Amino acid sequence: MDYNRLVKDCIRGIPIAQRELYEHFAPSMLGICYRYTKSLKDAEDVLQEGFVKVFTSLAQYRFEGELGGWIRSVMVRTALNYLKRNRRYNADFSYSETSLHPVSEENPLVILQAKELADLIRQLPTGYQAIFNLHAIEGYTHVEIGEMLGINEGTSRSQYARSRALLISWLENHSTEVKHQRYAGK
Amino acid sequence: MQENEFEKQVSRLMEEFNLTPSDSVWKKVEQQINKDKRRNRWLIIPLLLSGLTLAGYFTYQALHQSGNNINKNVTAHESQKDAAGKKNNPQKNNDPIGKADILTTTPKEENSFTLKQQTQKPLSKLLRNKKTITNRNLFADTKKYLPSPVLINKSNTKIDNKEIAKFSADAEIKKNRQLIAAENKQEESKIKLLDDENKTPNNSASQKQFSSTEVKDSADSASIATSEYKKLKTFNKNSRKWQWGITSFYGRSDAVETLLGIHFFQDYSAADYLNNSGQQPDSGAIRTSRIIKPSSAFKLGVSVQKQISKRSSISFGVNYVQLRMKTETGIMVDSAINVNVPGLSNRLSVGTFYKPGSGNFNTDTYRFIEIPVIFQHRFNNSSKFPLYYNAGISFTQLIDADALFYDRYNNIFYAENNLLRKTQLQFQLGLNTSLNLKSNTSIFLGPQLQYSLSNLLKNKNFGSQHLFNWGLQANILFHKK
């Protein structure tokens, strides 16, 4: 697909091009929004808000780097704003300024389907969830996360370590359950 | 490194994680984008209007201030002249305007003497300030304030009421003549009238009354008339000067094959062609005027105008013009193709193109710089509702285009500015009326239409497409003092 042409057409306000862009990126972007929120409805709200931002600020896209990456960063920022703005998330979206926390060494083999893993991530407290998503999946550094969320780098690290440990324990439990089910099934 | 293994696995798994959003999301997105567009449009229009208003206001202020200064100087000069005249010849002025000089009041009525101020205004000033002179019974009005004026000549002999009545009638007739002349703006006849007055003073009754001062009065009258003549001449000279103004236009624009949509070939539509897909499209397969729908058009610029005769004027200007149209197409094909363009040796590479069809509207925008040359003529005599027609040509230079155009030869739509004719010759025609806002500002307002004589497309094989726009044009003109 010729993204440059598509972007130019979208900037010109050609509806068919806008629809094309939306349809191309919406499924993957909804996946991202889903990981940051607690319900599909909220995820769709973030997706809608994010795409409006994408279309209104598409002229700022400099054709450097991947278009998907740029849209993704818009979605992530929109999701974070949504969490901060929304009361349901805001209460759970606080960080305690604690010192560095050692990162767990476990590296379990993830045997889940993507949807199952996403649902596990969504079960994390909102603060943990955001930091885990930002660092483990989006690849932001703790310094960047600190700037984005207005917290210390150390806080980001410790929160991440806790979220990681929590997720790993859930994964282990999950894999044990699966083993039991398989065994029982046999 | 081992630590990252978990993150890598999670990240890889999440990359594959896609969800299909519900249809309502896109509808909301689309709705919101269009709302934003509309909001921007409404933001731009008031900004433009307020900018125009501010510019007009400051210009008016600047011109008005300079006009006041001139008037003050003229009045000061006249009062000095009057004072000097009175000193040398207290019984001056046979001229009806100047006659008020010898009207005095009894001591009891000193405060009610207003006639002098009004009648002392020079004719040129009266002409400029029409509102102050529209009352033709100016002299009659002054009678209210002067219930029993006493006319005194040099020898301090009182003149009775009958003489005053005669004198008033004469003066009123004369004043009415001047006022009528002013309203009709027939400067030539006014000058002639003043010349006649100089040559043959017509208020013989008054002359008889003031026989002792006849010679001096005539001389004085002549000198005043000469000064009025000079002022009128200056006025005429000014009215023939270049006057500048602001031009704005808002309307609709379209691209048509011929003027008034008259076609001389068989009518096909996009649907006709699509039904016969697989065949080589012939020229004329699709009617351009059907595919392109009109949308907004506006222009903004400055102009200069010069009166070339009593009723006619010519104007030049520089305008920024933006024309928009909506092109109805079929689906977008996002793949690069090379198209044959008749007349071009190399094939033209097109990144994305649209197939003919319906349901999808793309907004095309053309931006021009325009230099219009317009002749305007007044065709009625009404001073309250003057009507003008105007006709002219304009040279337009395409500065930017953001448009799809229909390539009839290849039967597709695509954006390729190099195939558009950059310089266009346009014809314009309009009707308007003028409204005087202030003595030095007037608005010419009326419908205007413009048709491009040049084909929008360089290549004849693509068919004939002419820009056509129509709407309301306002031209604010600032008169020089």
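Residues numbered from 1 in each chain as written. Chains lettered and ligands numbered in written order. Predicted model: local features only at pLDDT ≥ 70, side-chain atom pairs only at ≥ 80, totals over all residues.

A.B. asks: Could you give an account of the confidence of the model for chain B, naming the residues involved and the relevant values?
C.D. replies: Residues and elements named next belong to chain B. Chain-level pLDDT for chain B is 68 on average; 48% of the residues reach the 70-or-more range. With pLDDT under 50 throughout, residues 200-215 is counted as low confidence; its partners more than four residues away or in other chains account for 22 contacts. Within the model, the stretch residues 262-285 combines pLDDT values under 50 with 31 contacts to residues more than four positions away or in other chains. What the predictor reports for the complex is a pTM of 0.40 with an ipTM of 0.83. (pLDDT = per-residue confidence, 0-100. Contact = placed C-beta atoms within 7 Å.)

A.B. asks: Tell me about the interface of chain A and chain B, and name the residues and values.
C.D. replies: Taken together, the contact between chain A and chain B spans 38 residues of the former and 34 residues of the latter. Here the element with the most residues in the side of chain A that touches chain B is helix α2 (residues 15-36) of chain A; it accounts for 13 residues. Split by residue class, the side of chain A that touches chain B holds 23 nonpolar, seven polar and eight charged. (Helix = DSSP H or I, 4+ residues; strand = E, 2+ residues; numbered from the N terminus. Nonpolar A, V, L, I, M, F, W, Y, C, P; charged D, E, K, R; others polar.)

A.B. asks: So, helix α7 (residues 126-137) of chain A: which residues are in play, and what are the values?
C.D. replies: All names here are of chain A. In this model α7 runs 16 Å from its N-terminal to its C-terminal C-alpha over 12 residues, within 8% of the 16 Å that 1.5 Å per residue would give. Counting buried positions along α7 yields 12 of 12 residues, so the element is predominantly enclosed. The complete set of buried residues in α7 reads Thr126, Gly127, Tyr128, Gln129, Ala130, Ile131, Phe132, Asn133, Leu134, His135, Ala136 and Ile137. Residue Gly139 follows α7 closely and has a positive phi angle near 85 degrees. (Expected span 1.5 Å × (residues − 1). Buried ≥ 20, exposed ≤ 12 C-beta atoms within 10 Å, placed from the backbone.)

A.B. asks: I'd love a proper account of the packing of α2(A) against helix α4 (residues 67-85) of chain A, names of residues and values included.
C.D. replies: The geometry of a pair of packed helices is captured by two quantities: the angle between their axes and the separation between those axes. Residue and element names in this part refer to chain A. As a packed pair, α2 and α4 sit with axes 10 Å apart at the nearest point and diverge in direction by 35 degrees. The two elements α2 and α4 cross, and the hand of that crossing is right-handed. Contact residues: Phe25, Met29, Ile32, Cys33 and Tyr36 in α2; Gly68, Ile71, Arg72, Met75, Val76, Ala79 and Leu83 in α4. Residues that form the contact of α2 with α4 fall into these classes: 10 nonpolar, one polar and one charged. (Axes fitted to C-alpha atoms, helices over the stretch in contact; angles between N-to-C directions. Left-handed = near helix turned anticlockwise from the far one by under 90°.)

A.B. asks: Kindly report on the packing of helix α3 (residues 40-56) of chain A against α4(A), identifying the contributing residues and their values.
C.D. replies: Residues and elements named next belong to chain A. Direction vectors running N to C along α3 and α4 enclose 130 degrees, while the axes themselves pass 9 Å from each other. When the axes of α3 and α4 are compared, the pair comes out oblique. For the crossing formed where α3 meets α4, the hand is right-handed. Across from Val46, Glu49, Gly50, Lys53 and Val54 in α3, the residues of α4 making contact are Ile71, Val74, Met75, Thr78, Ala79 and Tyr82. Broken down by class, the residue content of the contact of α3 with α4 amounts to seven nonpolar, two polar and two charged. (Parallel < 35°, antiparallel > 145°, perpendicular 65-115°, else oblique.)

A.B. asks: Could you give an account of the environment of B:Gln305, naming the residues involved and the relevant values?
C.D. replies: Residue and element names in this part refer to chain B. Residue placement: Gln305 occurs in strand β5 (residues 292-307). Owing to 22 C-beta atoms within 10 Å, Gln305 belongs among the buried residues under this scheme. Sequence-wise, Gln305 and Phe375 are 70 residues apart; in three dimensions their C-alpha atoms are separated by 9.5 Å. Setting aside residues no more than four positions away along its own chain, Gln305 makes contact with Gln243, Gly245, Ser313, Ser315 and Leu477.

A.B. asks: For the pairing of strand β11 (residues 360-378) of chain B, give the residues involved together with the corresponding values.
C.D. replies: Residue and element names in this part refer to chain B. Pairing geometry for strand β6 (residues 312-329) and β11, over 16 bridges, is antiparallel. What sits directly across from Tyr320, in β11, is Ile369. Judged from the 14 bridges that link them, β11 and strand β12 (residues 387-402) form a sheet pairing that is antiparallel. Across the sheet, the residue bridging to Gln376 is Asn390, located in β12. (Pairing = 2+ DSSP bridges.)

A.B. asks: Residues and numbers for the sheet that holds β6(B), please.
C.D. replies: Residues and elements named next belong to chain B. Pairing is antiparallel in the closed barrel, where eight strands are placed in the order β4-β5-β6-β11-β12-β15-β16-β17. Neighbour to neighbour, the strand axes of the sheet diverge by 25 degrees on average, direction disregarded. Sheet topology note: the strand β15 (residues 423-438)/strand β16 (residues 441-452) ladder contains 10 bridges and is antiparallel. Note that in β16 the partner of Ser434 across the bridge is Phe444.

A.B. asks: Describe in detail the environment of B:Val373, supporting the description with residues and values.
C.D. replies: Residue and element names in this part refer to chain B. For Val373, the position within the fold is in strand β11. Each C-alpha atom of the pair Val373 and Ile393 lies 5.6 Å from the other, and the pair is 20 residues apart in sequence. Those residues within four positions of Val373 in sequence are excluded, and the remaining contacts are Phe316, Gly392, Ile393 and Ser394.

A.B. asks: Can you break down the pairing of strand β4 (residues 243-256) of chain B residue by residue, with the values?
C.D. replies: Here β4(B) pairs with β5(B) via 11 bridges, running antiparallel. Counted as the bridge partner of B:Ser253 is B:Ser295 from β5(B).

A.B. asks: Could you give me a rundown of α2(A), with the residues and numbers involved?
C.D. replies: Given a rise of 1.5 Å per residue, 22 residues ought to cover 32 Å, and the 29 Å separating the end C-alpha atoms of α2(A) matches this to within 8%. Along α2(A), the largest kink reaches about 50 degrees and is centred on A:Ala26; proline A:Pro27 follows within four residues of it. (Bend = angle between axes of the 7 residues up to and from the residue.)

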